[in-house]
Amino acid sequence: MAPTATMPDGVGVAHLPNQRHKIVSKRGAKFTLMVCGESGTGKSTFVNTLFTTSIKDPKQLAKRHAKQVDKTVEIEITKAELEEKNFKVKLTIIDTPGFGDYVNNRDSWMPIVEFLDDQHESYMAQEQQPTRAGIIDLRVHACLYFIRPNGHTLKPLDIEIMRRLGTRVNLIPVIAKADTLTPNDMAKFKRNILDVIEAQNIRVYSCPIESEDESITTNNKDIMSALPFSVIGSTEDVVTADNRKVKGRQYSWGCAEVENENHCDFKKLRTLLVRSHMHDLISTTEEIHYENYRQIQMETRKFGEAKSKKYENPKHKEQEEKLRLAFTEQVKKEENRFRQWEAQLVTERDRLNKDLEEQHAKIKAMETELENVYQMQGRSMRR
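In this text the structure is predicted, and so the values were computed from the model without any measurement.

Conventions we followed
Residues numbered from 1 in each chain as written. Predicted model: local features only at pLDDT ≥ 70, side-chain atom pairs only at ≥ 80, totals over all residues. Heavy atoms only, no water. Helix = DSSP H or I, 4+ residues; strand = E, 2+ residues; numbered from the N terminus. Contact = heavy atoms within 4.5 Å. Areas by Shrake-Rupley, 256 points an atom, 1.4 Å probe, with all protein chains shown as cover. Phe/Tyr/Trp six-rings, centres within 6.5 Å; stacked < 30°, edge-to-face > 60°. Buried < 20%, exposed > 50% of the residue type's maximum accessible area, 1.4 Å probe, protein only. Lys NZ or Arg CZ within 6 Å of the ring centre and 35° of its normal. Patch = residues over 30% accessible without salt bridge, like charges linked within 9 Å, V, L, I, M, F, W, Y side chains within 5 Å. Salt bridge = Lys/Arg side-chain N within 4 Å of Asp/Glu carboxyl O. Core = buried A, V, L, I, M, F, W, Y, C linked by side-chain atoms within 4.5 Å. Pairing = 2+ DSSP bridges. Axes fitted to C-alpha atoms, helices over the stretch in contact; angles between N-to-C directions. Polar contact = N/O pair within 3.5 Å; in protein donor to acceptor, adjacent residues only side chain to side chain. Parallel < 35°, antiparallel > 145°, perpendicular 65-115°, else oblique. Left-handed = near helix turned anticlockwise from the far one by under 90°. Nonpolar A, V, L, I, M, F, W, Y, C, P; charged D, E, K, R; others polar.

Trainee: How do you make sense of the overall build of the protein when you look at a structure like this?
Mentor: The number of helices and strands found in the protein is nine helices and nine strands. The long-range fraction of contacts in the protein, counting pairs at least 24 apart against all pairs at least 6 apart in sequence, stands at 70%. Accessible area of the protein: about 25400 Å², with a carbon and sulfur share of 52%.

Set out below in structure tokens:
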């Protein structure tokens, strides 16, 4: 073990954190957030509430059932650039519309899992290139899994996908629409969820707790004690009974406030994601989830070998089938057109041959006639 030496004052090593701060402040940050869960749990509204801007357009609920014919989970990517106090964050939101919306949800998690793996695969492939400038990085740093507030426990579909997500991304379970449960029911619901998470060995994100600053340690413990986070999403201003203007939802019995910790855990989740542990989410993705994927792939694949596809999106397969049928139909049309053209050529050739034969016969007849004329003229001259 190398000995630890105390540097004299004036060397300047202690200024390294300040240098790092200047570099990060100049470059900004890239943060990719995935929101996953059934439709109608308020994912888009929560994202807009979290970043206090209209990043995602609200879903048109009247058209939700019109997409049932697709029977597939889509991956929807939204990019935005946020700036606060001259610090820029390039934000990417990954949504998964269609998940859990069907009677048969078998393998509905596969497009999501494949997307997460594909981003690690894409980054690994770009790292192996001679030139790595302008590398595209869509690795997901945090995944908020929205749980419908049924008041009982996790559904089998929730358990299945959370088990798969927890090994690939920083998974953060979120109870949607917290204003639909009473405080006692919410506390019981949280305990039930935590019991299932422990029993099923589901890996969820846990931020570093201990710190040299006691206030930070206390704050970290307070944040993690709220897991799974109950949230209320709203971009509308409402007026409370004491005439405060806040973000929330207005009911006949009063207001459900987004940032009131007695109503939900929105502030704690925002602190975790944005204010205190965004860097830890990014570094954990790089040092744990990406490295785990990279290590597994390098142990099981030859260098340069393509990643095997375990799942084929039914929608892409359907589109491929449509393109194949369209191509086959187009080929048949072209073949018919070619045969018609070939038949026209043969007919034209036969007509030209017939004309040529007729002309040739006429020439022969004229030659014979001319020969007869010559013969008659020769006889006349001999006489």
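Resuming the write-up.
Trainee: I'm lost on the packing of aromatic side chains in this one. Help?
Mentor: Two aromatic rings, taken as a pair, are described by how far apart their centres are and by the angle between their planes. Inspection of every chain in the model, using the stated rule, returns five aromatic pairs. With a centroid separation of 5.8 Å and an interplanar angle of 75°, the aromatic rings of F46 and F266 are classed as edge-to-face. Taken as a pair, F46 in helix α2 (residues 43–50) and F266 in helix α7 (residues 266–276) lie far apart in primary sequence, 220 residues in all. Here the two residues F46 and F266 agree in accessibility, since each one is buried. With 5.8 Å between their ring centres and 50° between their planes, F338 and W341 make a pair best called tilted. Here the residue F338 and the residue W341 both occupy positions in helix α9 (residues 314–382), the gap between them amounting to three residues, near one helical turn. Using a relative accessible area of 44% as the deciding quantity, one classes F338 as partly exposed. Following the ring pairs from residue to residue traces out a cluster consisting of F46, F146 and F266. Positioned above the aromatic ring of Y123 is the side chain of R139, whose terminal nitrogen or guanidinium carbon lies 3.6 Å from the ring centre. The side chain of R139 reaches across the aromatic face of Y290, ending 4.8 Å from its centre.

Trainee: Is there a simple way to think about a nonpolar patch on the surface in this case?
Mentor: A grouping of F338, W341 and L345 is seen on the molecular surface, where their side chains present a nonpolar patch of about 330 Å² in accessible area. Tracing the sequence through the fold places L345 in helix α9. Note on L345: relative accessible area 43%, which makes it partly exposed.

Trainee: Help me understand the pattern of salt bridges in this model?
Mentor: Opposite charge on two side chains lets them pair, provided their charged atoms get close. Inspection of the entire model under this criterion finds 18 salt bridges. Of the charged contacts, one joins D137 and R139 as a salt bridge, the two residues approaching to 2.9 Å between their closest N and O atoms. Take R139: its relative accessible area is 5%, and that puts it in the buried class. Of the charged contacts in the structure, one is a salt bridge between R351 and D355, with a shortest N-O distance of 3.0 Å.

Trainee: How do you make sense of the nonpolar core when you look at a structure like this?
Mentor: Proteins that are soluble and globular tend to have nonpolar side chains buried together. Ranked by size, the top nonpolar core spans 66 residues in total, and within it L144, I172 and L269 carry the most contacts. Apart from residues lying up to four places away in sequence, L144 is in contact with L33, M34, V35, C36, F46, I172, V174, L269 and L273.

Trainee: Any chance you could explain the sheet that holds strand β6 (residues 229–230) here in plain terms?
Mentor: In sheet architecture, strand pairing relies on hydrogen bonds along the backbone and comes in two forms, parallel and antiparallel. Read from one edge of the open sheet, six strands run β2-β3-β1-β4-β5-β6, paired in mixed fashion. The sheet is open, and its two edges are formed by β2 (76–84) and β6, each paired on a single side. As paired strands, strand β4 (residues 142–147) and strand β5 (residues 171–175) are joined by five bridges and run parallel to one another. Bridging across to β5, L144 finds its partner in I172. Where helix α5 (residues 183–199) meets the sheet, it contacts β4, β5 and β6, and its direction lies at approximately 150° from that of β5.

Trainee: Looking at this structure, how should I read the pairing of strand β8 (residues 245–251)?
Mentor: Each regular strand carries side chains that alternate between the two faces of the sheet. Sheet topology places strand β7 (residues 237–239) next to β8; three bridges connect them, and they run antiparallel. Across the sheet, the residue bridging to V238 is V246, located in β8. The hairpin formed by β7 and β8 contains five residues between the paired strands, and N243 there has a positive phi angle of roughly 65°. As defined by bridge partners, β8 adjoins strand β9 (residues 254–257) across four bridges and the pair is classed as antiparallel. Looking across to β9, one finds that Y251 is bridged to G254.

Trainee: Quick question: what am I supposed to make of the side chain of T284 here?
Mentor: When you line up the elements, T284 lands in helix α8 (residues 278–300). Here the side chain of T284 touches D280 through a polar contact of 2.6 Å, landing on its backbone oxygen.

Trainee: Whenever I open this one, the environment of E286 confuses me. Can you help?
Mentor: Take E286: it is sitting in helix α8. Accessibility expressed as a relative area gives 27% for E286, which makes it partly exposed. Taking the C-alpha atoms as reference, E286 lies 8.7 Å from R139; in sequence the two are 147 residues apart. Setting aside chain neighbours within four positions, we find E286 in contact with Y123, R139 and E291.

Trainee: Can you help me understand the sheet that holds β9 in this one?
Mentor: Taken in spatial order, the three strands make up an open sheet running β7-β8-β9, and their pairing is antiparallel. Edge strands, defined here as strands with exactly one partner in the open sheet, are β7 and β9. Shown here is a sheet whose adjacent strand axes are inclined to one another by a mean of 65°, direction ignored.

Trainee: How should the packing of helix α6 (residues 214–224) against α7 be read in this particular structure?
Mentor: Each pair of packed helices gets described by two things: the angle between the helix axes and the distance between those axes. α7 packs onto α6 with a crossing angle of 130° between their chain directions and a minimal axis gap of 9 Å. One way to sum up the angle between α6 and α7 is to call them oblique. Along this stretch, α6 crosses α7, giving a crossing that reads as left-handed. Across the interface between the two elements, N219, D222 and I223 from α6 touch K268, T271, L272 and S276 from α7. Split into classes, the residues belonging to the contact of α6 with α7 amount to two nonpolar, three polar and two charged.

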